[in-house]
Amino acid sequence: MLSSARWRCRMKAWWHSGRPWVWLTSGAVSLSLLAMLALLALLTGQSLRLLWPQPIYSFDLISPPGVLLGERVGVQRPLVPTAGVPMDPEIWLIRTGNRPQDSYRLPAAQVRASRLPADVLVVQRRNGARLYGYLAGMREDGQPLTAASMSAALEQRLRLSATQRRLAAQVEQQRSAVRAQRAQQQSLPLHRQGVPSEQQRAAQQAAQNERQTAYEALSEQLAAIERERGRVQLVLADAQGQRQVIPLSDIDSLWYPNAMSLGQKLRHLAAQTWRFVSLHDPVREGDGVFPAMAGTLLLVILMSVIVMPLGVMAAIYLHEYAARHWLTRLIRIAVGNLAGVPSIVYGIFGLGFFVYAVGGSLDKLFYADTLPAPTFGTPGLLWAALTLALLTLPVVIIATEEGLARIPPSLRQGSLALGATQAETIWRVVLPGAAPAMMTGLILAVARAAGETAPLMLVGVIKSAPKLPLDGTFPFLHPERQFMHLGYQIYDLAFQSQDGDAVQPMAFATALLLIVIVVSLNLAAMGLRHRLREKYRALTL
C-alpha cells in the first residue's frame, strides 16, 4: 500500500509538472514531420519511375513457356497465412510497353528465372509509348545499313533526326507567319483599304505574289525535310524475336537502362526532368508541363495582386475606422464564415457573376463588333484570379486585422500627439508594424489558391490551351484567355486517362512540382516577412 501511494504521488507530481504536455506536443510535431516526409518520399519515389531509367527484366516463363521482356512496377505480397487456408502466391506487376502500355499480373511461381540483359533497348516514341526490345539493325530507303558499331550509328542518326525536326519546326513557324500575313491582308475591310490607285493595286498584287512564292518555297523545303527524316528506320526485335520497323522521325529518345553507369543515369534524369518541365520540347510534342506551370504562377500572382490591397483595406477599415457596434461584429462573423464556404460555391458564383454578368457586359460595351463570339464573356484567367481572390479574401482580412491589433496603442497616441493625422499614423506607423502579419495572410492565401481545382474548372482552366496568357504579342498579358493549371492536370491524369497505371508516375511528378512551386512561393514570402519583422522590431519594443 505504501509503494502504491508513493507511486500515485509521483505520477501526480509528474502530471502537474507539465512534462506530459511537453511529450504530447513534441509527439504531435514529430508525427507531423513524419507525415510530411512520408508524403515527399512517396511523391519523389513515384516521380523517379518517370524520370529515372528503370531496369528492364527478361522473364523466363514456365507456363506458358516463353520469354517476357518488361519493367517490374510493383509486387503484391501474399496475405498472412491462416490455418487451413492456402496462401496466395506473390504477384508481380509487369509492364511491357506499347500504348496503352500492356500490363501483366504475373505469379512469381510461373517465372523460372529473371535477368537483366545489358543490350536491352528502351525506345521512347513521340506519342508517349515506350517499346522494349533489342537492336536488330537500321534501314535506309528500305535497304539494311551496316556499321562497325550499330548503337553508335543509331545515336548519330537520332541526333541528326532531332536536328532535322528542329529545322522543320523553324520552317513551319516561318510558313505560319507568311500564312498569317496573307490572311490578314485578305481580311482587311474595304473601307480601310480605300479606293486604291493603279499603282497601289499593282504593289498589292506584287506583295501577294511575293508572299505566295515564299509560302510555296517554304512548303517545298518542309516537304524535303520530312522526306529526309523518313528515310531511316530502326529495326527493333522483341523478346520472341519478332521485328518491328520504327521510323527515326517517330522516336523521342532511346537508352540502354541495364548498361548505364551512375553518371549516365544522372544525365538521363536531368534530360528527362528538363523535358518534363519544358515548353517546346524540340523532340517530343506536347508533353512538357511548362504551360500548366506558367498558368499556375500567373494565376497565383494575379490573385495576390488583387486580394492583398482589398484585404488590407478591409482590415484597416474594420479595425481603425469602424465603430464598435453590432454591425461591425456581424461583418466580422460574416468574414469568418466566408472562410469556411466550399470552394466549388465560389466557382459557381464566379461563373454566374464574373463570367456571365461582368464579362458579358464588357463584351456588349467594348467588343460588340466581335459578338456573338465572346471576348471576356467566357471563362478566362482574369475571372479565375478574381474568384480565387474572393475565396482567399477572408484569410487576408483576418490575418491583417490580427497584426493591426498587436500594434501598441501608445504608438498611435504618440504619432497623433506629434501632430500626425490618423491617415498618416496608419500609413507610416501602423502598417509597417503590421506588415509581417500581412505577409502571413499572403502565405496562407497562396497556399490555398495554388492547390484549388474545383472552382477553376468552372471559370477558366482547360486541359490544353492553344496559347499562353503571357506571350510576346502586345499587350503581352491576355487575361481573357483560358489557361492550364497543375492541379487540374493532376486531376486529369489521375481520373480521366484511359491508361491510369501508365500515367501514374506523371501524375505524381506533377504533384511534386506543384508542391515545389507552393513551397518556393511561401519561402520567398517568409523571407520578406522576416526582413520586415526585423526592420520594424523596434516599433513593438
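As the structure is a prediction and not an experimental result, all values here were calculated from the model.

## Overview of the overall build of the protein
Right, so step 1: On a plain count of helices and strands, the protein comes out with 15 helices and 11 strands.
Right, so step 2: The globule rule puts the C-alpha radius of gyration for 541 residues at 24 Å, and the 32 Å found for the protein is more than 25% above it.
Right, so step 3: Along the first, second and third principal axes, the C-alpha set of the protein runs to 110 × 95 × 40 Å.
Right, so step 4: Counting over 541 residues, the protein shows a buried share of 38%.
Right, so step 5: By sequence separation, contacts in the protein at least 24 residues apart represent 68% of the contacts at least 6 residues apart.
Right, so step 6: Surface accessibility of the protein: about 31,100 Å² in total, with carbon and sulfur atoms responsible for 62%.
Right, so step 7: Within the protein, the 35 negative side-chain charges are centred at a point lying 11 Å from the centre of the 51 positive side-chain charges.

## A few points about the domain arrangement of the protein
Right, so step 1: Taken as a whole, the protein is organised into domain 1 (56–119), domain 2 (142–185 + 198–230) and domain 3 (289–538).
Right, so step 2: Taking the mean C-alpha position of each, domain 1 and domain 3 sit 49 Å from one another.

## A look at helix α6 (residues 262–277)
Right, so step 1: The end-to-end C-alpha separation of α6 is 23 Å, in line with the 22 Å expected for 16 residues at 1.5 Å each.
Right, so step 2: For α6, the set of buried residues is H268, Q272, R275 and F276. Projected down its long axis, α6 shows its buried positions confined to an angular sector of 100°, all on one face. Along α6, the residues that are exposed and aim more than 90 degrees away from the buried face are L262, R267 and W274.

## Side note on the packing of aromatic side chains
To describe a pair of aromatic rings, one takes the distance between the centres and the angle between the planes.
Right, so step 1: Across all of its chains, the model carries 10 aromatic pairs by this definition.
Right, so step 2: Measuring from centroid to centroid gives 5.9 Å for F349 and F354, while their planes differ by 80°, and the two rings are edge-to-face.
Right, so step 3: Assessed through its relative accessible area of 39%, F349 is described here as partly exposed.
Right, so step 4: Ring geometry for Y488 and Y491: centres 5.9 Å apart, planes at 45°, overall tilted.

## Some details on the sheet that holds strand β3 (residues 91–95)
Right, so step 1: Strand order across the open sheet formed by 5 strands is β4-β3-β2-β1-β5, with antiparallel pairing between neighbours. At either margin of the open sheet sits one strand with a lone partner, and together these are β4 (103–107) and β5 (111–115). Going across the sheet, the axis of each strand differs from the next one's by a mean of 45°, ignoring polarity.
Right, so step 2: Here 5 bridges tie strand β2 (residues 66–76) to β3, and the two strands are oriented antiparallel to one another. Counted as the bridge partner of V75 is W92 from β3.

## Overview of the UniProt feature "transmembrane region" (unreviewed entry) in the protein
Right, so step 1: UniProt tags residues 21–43, 292–318, 330–357, 381–404, 425–447 and 506–528 as "transmembrane region" (unreviewed entry).
Right, so step 2: From the first C-alpha to the last, residues 292–318 spans 38 Å; its make-up is 100% helix and 0% strand.
Right, so step 3: Here residues 330–357 is 86% helix and 0% strand, with 28 Å between the C-alpha atoms at its ends.

## A word on the side chain of T96
Right, so step 1: Mapped onto the secondary structure, T96 falls in the loop between β3 and β4.
Right, so step 2: Residue T96 is classed as buried on the basis of its relative accessible area of 13%.
Right, so step 3: Excluding residues that lie within four positions of it along the chain, T96 makes contacts with L68, L69, G70, D102, Y104 and Y132.

## A short note on a nonpolar patch on the surface
Right, so step 1: A contiguous nonpolar surface patch, about 880 Å² in accessible area, is contributed by W7, M11, W14, W15, W21, W23 and L24.
Right, so step 2: Mapped onto the nonpolar patch, the elements with two or more residues apiece are α1 (2–16) and α2 (19–51).
Right, so step 3: The greatest single-element share of the nonpolar patch, amounting to 4 residues, is contributed by α1.
Right, so step 4: Relative to the elements of secondary structure, W14 occurs in helix α1.

## Here we look at the pattern of salt bridges
Right, so step 1: What the rule picks out here adds up to 14 salt bridges.
Right, so step 2: With its nearest N and O atoms 3.4 Å apart, the salt bridge here joins E140 to R157. With E140 in strand β7 (residues 130–140) and R157 in helix α3 (residues 150–186), the pair connects residues that are 17 residues apart, well separated along the chain.
Right, so step 3: According to the relative accessible area criterion, E140 is buried, its value standing at 19%.

## Quick word on the nonpolar core
Soluble, globular proteins show a tendency: their nonpolar side chains are buried together.
Right, so step 1: Grouped together as the largest cluster of nonpolar side chains are 69 residues, with contacts concentrated most on L299 and L456.
Right, so step 2: When residues in this core are grouped by element, the largest group, 14 residues, is from helix α7 (residues 290–321).
Right, so step 3: Not counting residues within four places of it along the chain, the set of residues in contact with L456 comprises L299, A384, L388, V461, F483 and H485.

## Overview of the side chain of S415
Right, so step 1: With respect to the helices and strands, S415 occurs in helix α11 (residues 409–417).
Right, so step 2: A polar contact of 2.9 Å, which involves the side chain of S415, links it to the side chain of T425.
Right, so step 3: In this structure S415 touches A420, T425 and V429, once residues within four positions along its chain are discounted.

## Thoughts on the packing of α7 against helix α10 (residues 381–405)
Right, so step 1: Across the interface, α7 lies against α10 with an axial gap of 6 Å and an inter-helix angle of 40°. In terms of axis orientation, α7 runs oblique to α10. Judged by the sense of rotation from one axis to the other, the crossing of α7 with α10 is right-handed.
Right, so step 2: Its residues assigned to classes, the contact of α7 with α10 shows 25 nonpolar, 4 polar and 2 charged.

## Focus on the pairing of strand β10 (residues 243–247)
Right, so step 1: Across 5 bridges, strand β9 (residues 232–237) lies against β10 in antiparallel orientation. Residue pairing for β10: L236 is matched across the bridge by Q244.
Right, so step 2: Joining the antiparallel neighbours β9 and β10 is a turn of 5 residues, in which G241 adopts a positive phi near 90°.

Reading guide: rules and limits
- Residues numbered from 1 in each chain as written.
- Predicted model: local features only at pLDDT ≥ 70, side-chain atom pairs only at ≥ 80, totals over all residues.
- Heavy atoms only, no water.
- Helix = DSSP H or I, 4+ residues; strand = E, 2+ residues; numbered from the N terminus.
- Rg over C-alpha atoms; globule rule 2.2 N^0.38 Å.
- Buried < 20%, exposed > 50% of the residue type's maximum accessible area, 1.4 Å probe, protein only.
- Contact = heavy atoms within 4.5 Å.
- Areas by Shrake-Rupley, 256 points an atom, 1.4 Å probe, with all protein chains shown as cover.
- Lys, Arg positive; Asp, Glu negative; His and termini not counted.
- Charge placed at Lys NZ, Arg CZ, Asp CG, Glu CD.
- Domains from an automatic or database assignment.
- Expected span 1.5 Å × (residues − 1).
- Arc of directions from axis to C-beta.
- Phe/Tyr/Trp six-rings, centres within 6.5 Å; stacked < 30°, edge-to-face > 60°.
- Pairing = 2+ DSSP bridges.
- Axes fitted to C-alpha atoms, helices over the stretch in contact; angles between N-to-C directions.
- UniProt positions renumbered as here; feature names shortened; annotations may be inferred.
- Patch = residues over 30% accessible without salt bridge, like charges linked within 9 Å, V, L, I, M, F, W, Y side chains within 5 Å.
- Salt bridge = Lys/Arg side-chain N within 4 Å of Asp/Glu carboxyl O.
- Core = buried A, V, L, I, M, F, W, Y, C linked by side-chain atoms within 4.5 Å.
- Polar contact = N/O pair within 3.5 Å; in protein donor to acceptor, adjacent residues only side chain to side chain.
- Parallel < 35°, antiparallel > 145°, perpendicular 65-115°, else oblique.
- Left-handed = near helix turned anticlockwise from the far one by under 90°.
- Nonpolar A, V, L, I, M, F, W, Y, C, P; charged D, E, K, R; others polar.

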